[in-house]
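# Architecture and fold: a report
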Amino acid sequence: MRILFAADSSNFTKKPPTFLTNNKNLLGAGDELVVLHEQDAISAQIERKLGSAEVTAYRTKRADAVLNPIKKFLDKRAVSSRCLWVAGAAAGQIIEISKRDHAQMIVMGVHGHGLLSRMFMGSVAQKVLAESKIPTLLVK
Amino acid sequence: MKVLLAVDGSKYTKKALAFLINHESLVNSNDELFVLNVQLQVPARVRAMLGSAEVAEYHREESDKVLNPIKKFLDKHALNYRCAFVVGHPVEEILKAAATEKSHLLVMGTRGHGLIGRVLIGSIAQRVVAECDIPVLLVT
């Protein structure tokens, strides 16, 4: 099965790959995990001020900080994976990439602490659920 | 892996089943599948009028309508499963079952019979995700 894992940079990022790899039948030989890191949009004004090279450098650095540990984790468990990152409009990008890569399932971490976050899942997860045609696995 | 599948006989139930079966990696003969149908409580006044035997019979009939096709389907695929129904509030009963069964994964539809339209995630799924400690696979 090809699974798309949407990784934001929160503390909840470690849980989904752990769950997936602990249950060997989810990610075994022949399966692939596409790890997608989504970054917040930066306002156009700030981007203009900083210059796009600067912004790209910053984004790449941040993406590496999130993706490298995941990649290492997956490599250690011999899971075939591919990492990529996008900036802005997270939910839309997750859906689009899940379609493009023919993912059969989307996996996301959801926040589970605090009264507010207990009542609502993240807006990204909400949007993905509303628009995705494939099942979504929410891991706390 | 122990999987809890919450069913209400809507089209999402069918989709969830199809997804589980199509990806043998998710449930195979080594896994335990527990299929739970939650029947909404009949209003107290109606219960008093009909008598509890009549009401129990009604719930059994209604749950048979949901569970019998599923049993047939799962038998055909030679899966290791159990079916049950309870009468009560869906959110509470699903959470209770996940705890007592010590399930590793909960599978349910993003919405059941009630809601049409793709904008909303059903309130039951919403609350289950908020309060559940185990990963939830939502089928859309």
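Residues numbered from 1 in each chain as written. Chains lettered and ligands numbered in written order. Predicted model: local features only at pLDDT ≥ 70, side-chain atom pairs only at ≥ 80, totals over all residues.

### A short note on the overall build of chain A
Counting secondary structure elements, chain A contains six helices and five strands. Mapped in sequence order, the helices and strands of chain A form the string β-α-β-α-α-β-α-β-α-α-β. The burial tally for chain A puts 34% of its 140 residues in the buried class. Pairs at least 24 residues apart make up 78% of the contacts formed inside chain A by residues separated by at least 6 positions. (Helix = DSSP H or I, 4+ residues; strand = E, 2+ residues; numbered from the N terminus. Buried ≥ 20, exposed ≤ 12 C-beta atoms within 10 Å, placed from the backbone. Contact = placed C-beta atoms within 7 Å.)

### Observations regarding the pairing of strand β5 (residues 136-139) of chain A
Alternating residues of β5(A) divide into A:Thr136 and A:Leu138 and A:Leu137 and A:Val139, and every residue in both groups is buried. As paired elements, strand β4 (residues 105-109) of chain A and β5(A) share four bridges and run parallel to each other. Bridging from a neighbouring strand, A:Val107 pairs with A:Leu137 of β5(A). Pairing geometry for β5(A) and strand β5 (residues 136-139) of chain B, over three bridges, is antiparallel. (Pairing = 2+ DSSP bridges.)

### Topic: the interface of chain B and chain A
Contacts between the two partners involve 21 residues from chain B and, on the opposite side, 23 residues from chain A. Of all elements in the fold, only α5 (123-131) and β5 of chain B reach the threshold of two or more residues within the side of chain B that touches chain A. It is β5(B) that contributes the most residues to the side of chain B that touches chain A, four residues altogether. Tallied by class, the residues present in the side of chain B that touches chain A amount to 12 nonpolar, six polar and three charged. (Nonpolar A, V, L, I, M, F, W, Y, C, P; charged D, E, K, R; others polar.)

### Let's talk about the confidence of the model for chain A
Residues at a pLDDT of 70 or more form 88% of chain A, whose mean pLDDT is 85. The least confident element of chain A is helix α5 (residues 115-119) of chain A, whose mean pLDDT is 52; the most confident is strand β3 (residues 81-87) of chain A, at 93. (pLDDT = per-residue confidence, 0-100.)

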